[in-house]
Amino acid sequence: MARQKERDPTSEFSRRDILSTAVIAGGALTAASASIAQTADQAPNPSRQPGVGGTDPFPGGVARERQNPDMVNPPATDSGTLPNLQFSFADGHMRQSSGGWTRQVTARELGVSKDIAGVNMRLNAGGIRELHWHKQAEWAFMLYGTARITAIDVGGRNFVDDVGVGDLWYFPGGIPHSIQGLNPDGCEFLLVFDDGDFDEDSTFLLTDWFKHVPPEVLGKNFAAPATLFGHLPDPRDRYIFAAPAPGPLGADKLLGAEPVPQSFSHRMTAQEPIRTKSGTVRITDSSVFSASKNIAAALVEVEPGGLRELHWHPNTNEWQYYLSGEARMGVFAANGQARTFDFQAGDVGYVPFAMGHYIENTGSTALRFLEMFKSSYYADLSLNQWLALTPPELLQAHLNLDRQVTDALRKTKAPIVPA
């Protein structure tokens, strides 16, 4: 009788294992396909109208695409390959420490922005942004809470002030200063620097300098024994660090020194704005805030449906920060190029020098944003006003406009126009 072939238990196990794995894998693929199909149902399809674009059966960042409908489905008027003009602070690296946190948007994050960088910073109550200085000028807008700022100028004159929501400060490059969060809940603010390559790690820090000077030199400089400088804090423990919140400012706040001749702070929201039917604009440059020699700004508020009119800036690039609401910005770059971007609170926008653009409130609440410029003065040119002040025959030869359009042209600039 022929000998029966022995079974290989390993082979049997392998076959069972393969079959089980195949079943599991098939189930996983089915589940994955179902998940992809569900996501695809939620994703905006890149199609403006029938016959244009198509569906997206394997969508990626659905949440981001929903926030940017005019990138997924750009208007038919968009054309060409303008660089990205938007970046969100939410996509920036968050640096956390004992006194608060900070994040930045520089030319590294938004490559087109070569002349301006921004930092979003939070200081808890008592939290200190340590005594420091940097090569770049620093402009700031208070978003939340209250802070105490200090500085001196090259004449040894002193500056101390408490600032709140809507207030500004400006420190020229090289001026040493500090910021501290006050009770009850510290502060949050936006910093703007007149150099797109600015980096938080490139500032000159007090503790860092002390740590890199020999103790005997410190002793000689401060007329004290060198041994007293042997227990300095590690600079990594400072930068933004916890401390007790200071009390109210007293009459001796300047420590016996003379005050700086030009205040380093300014109450922007206390300015009387330019008012239109659908919004307001407050312009702050060196004409009203004399210390701010290198940054000009505008705080713009647009009611739902309103429009920051078609315009351009003849002096420099525009860097934007969106405070609240939702917006759509269309940018015209000449050479047949145009692109549309969507914005929400916390986003940064950018318009290169002289490019025509508009900003429309696409939400149901007021849109608030800041326009900032590396300049001592604010300037814009209105398309509407330009056409209104052009001889009618010349204008008609260009555009063949209906009389209703030409009759509605405004000879006086209206930065915000109604829905």
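Below you will find a few notes about this structure. Only a predicted model underlies this, so the values are computations on that prediction, with no experimental measurement involved. (Residues numbered from 1 in each chain as written. Predicted model: local features only at pLDDT ≥ 70, side-chain atom pairs only at ≥ 80, totals over all residues. Heavy atoms only, no water.)

1. Describing the nonpolar core
Move 1: Core analysis: the largest hydrophobic core is formed by 72 residues, its most contacted members being Trp139, Trp169, Phe189, Trp319, Leu370 and Met372.
Move 2: Aside from chain neighbours lying at most four places away, what touches Met372 is Ile116, Trp139, Leu190, Val192, Ala296, Ala297, Asn317, Glu318, Trp319, Gln320 and Tyr321. (Core = buried A, V, L, I, M, F, W, Y, C linked by side-chain atoms within 4.5 Å. Buried < 20%, exposed > 50% of the residue type's maximum accessible area, 1.4 Å probe, protein only. Contact = heavy atoms within 4.5 Å.)

2. Let's talk about the pattern of salt bridges
Move 1: This model, assessed by the stated rule, comprises 20 salt bridges.
Move 2: Across the pair Arg275 and Glu272 runs a salt bridge whose closest N-O atoms are separated by 3.3 Å.
Move 3: Within the structure, one salt-bridge network assembled from shared partners comprises Arg308, Glu371, Asp380 and Lys413. (Salt bridge = Lys/Arg side-chain N within 4 Å of Asp/Glu carboxyl O.)

3. A short note on the sheet that holds strand 4 (residues 117-123)
Move 1: If you trace the 7 strands from one edge of the open sheet to the other, you get 2-3-4-11-6-9-14, paired in antiparallel fashion. Two strands in the sheet have a free side with no partner beyond their single neighbour: strand 2 (95-97) and strand 14 (265-267). Geometrically, the sheet is characterised by an average inter-axis angle of 20 degrees between neighbouring strands, direction not taken into account. (Pairing = 2+ DSSP bridges. Helix = DSSP H or I, 4+ residues; strand = E, 2+ residues; numbered from the N terminus. Axes fitted to C-alpha atoms, helices over the stretch in contact; angles between N-to-C directions.)

4. As for the sheet that holds strand 24 (residues 367-373)
Move 1: Strand order in the open sheet formed by 7 strands is 1-22-19-24-17-16-15, and the pairing between neighbours is antiparallel. Every interior strand has two partners, whereas the edge strands, strand 1 (86-88) and strand 15 (274-276), have only one. Pairs of neighbouring strands in the sheet enclose a mean axial angle of 20 degrees, with direction left out of account.
Move 2: Bridging between strand 15 and strand 16 (residues 279-284) involves 3 bridges; their strand directions are antiparallel. Bridged to Ile274 within strand 16 is Val281.

5. Points about unusual backbone geometry
Move 1: In this model, Asn183 is joined to Pro184 through a cis peptide bond whose omega is 5 degrees.
Move 2: Here Pro184 lies in the loop between strand 10 (177-181) and strand 11 (187-193).
Move 3: Backbone geometry at Ala223 places phi at a positive 55 degrees, although glycine is not the residue there.
Move 4: By secondary structure assignment, the location of Ala223 is in the loop between helix 5 (215-222) and strand 13 (240-241).
Move 5: At Ala334, a residue that is not glycine, the phi angle is positive and equals roughly 70 degrees.
Move 6: Topologically, Ala334 is positioned in strand 20 (residues 326-334).
Move 7: Overall, Ala334 belongs to the partly exposed group, its relative accessible area being 32%.

6. Focus on the environment of Ala338
Move 1: Here Ala338 is to be found in strand 21 (residues 337-344).
Move 2: Judged by relative accessible area, Ala338 falls into the buried class, the value being 16%.
Move 3: Distance in space between the C-alpha atoms of Ala338 and Thr203 is 37 Å, their sequence separation being 135 residues.
Move 4: Apart from the residues within four sequence positions on either side, Ala338 is in contact with Thr77, Asp78, Ser79, Leu82, Val331 and Phe332.

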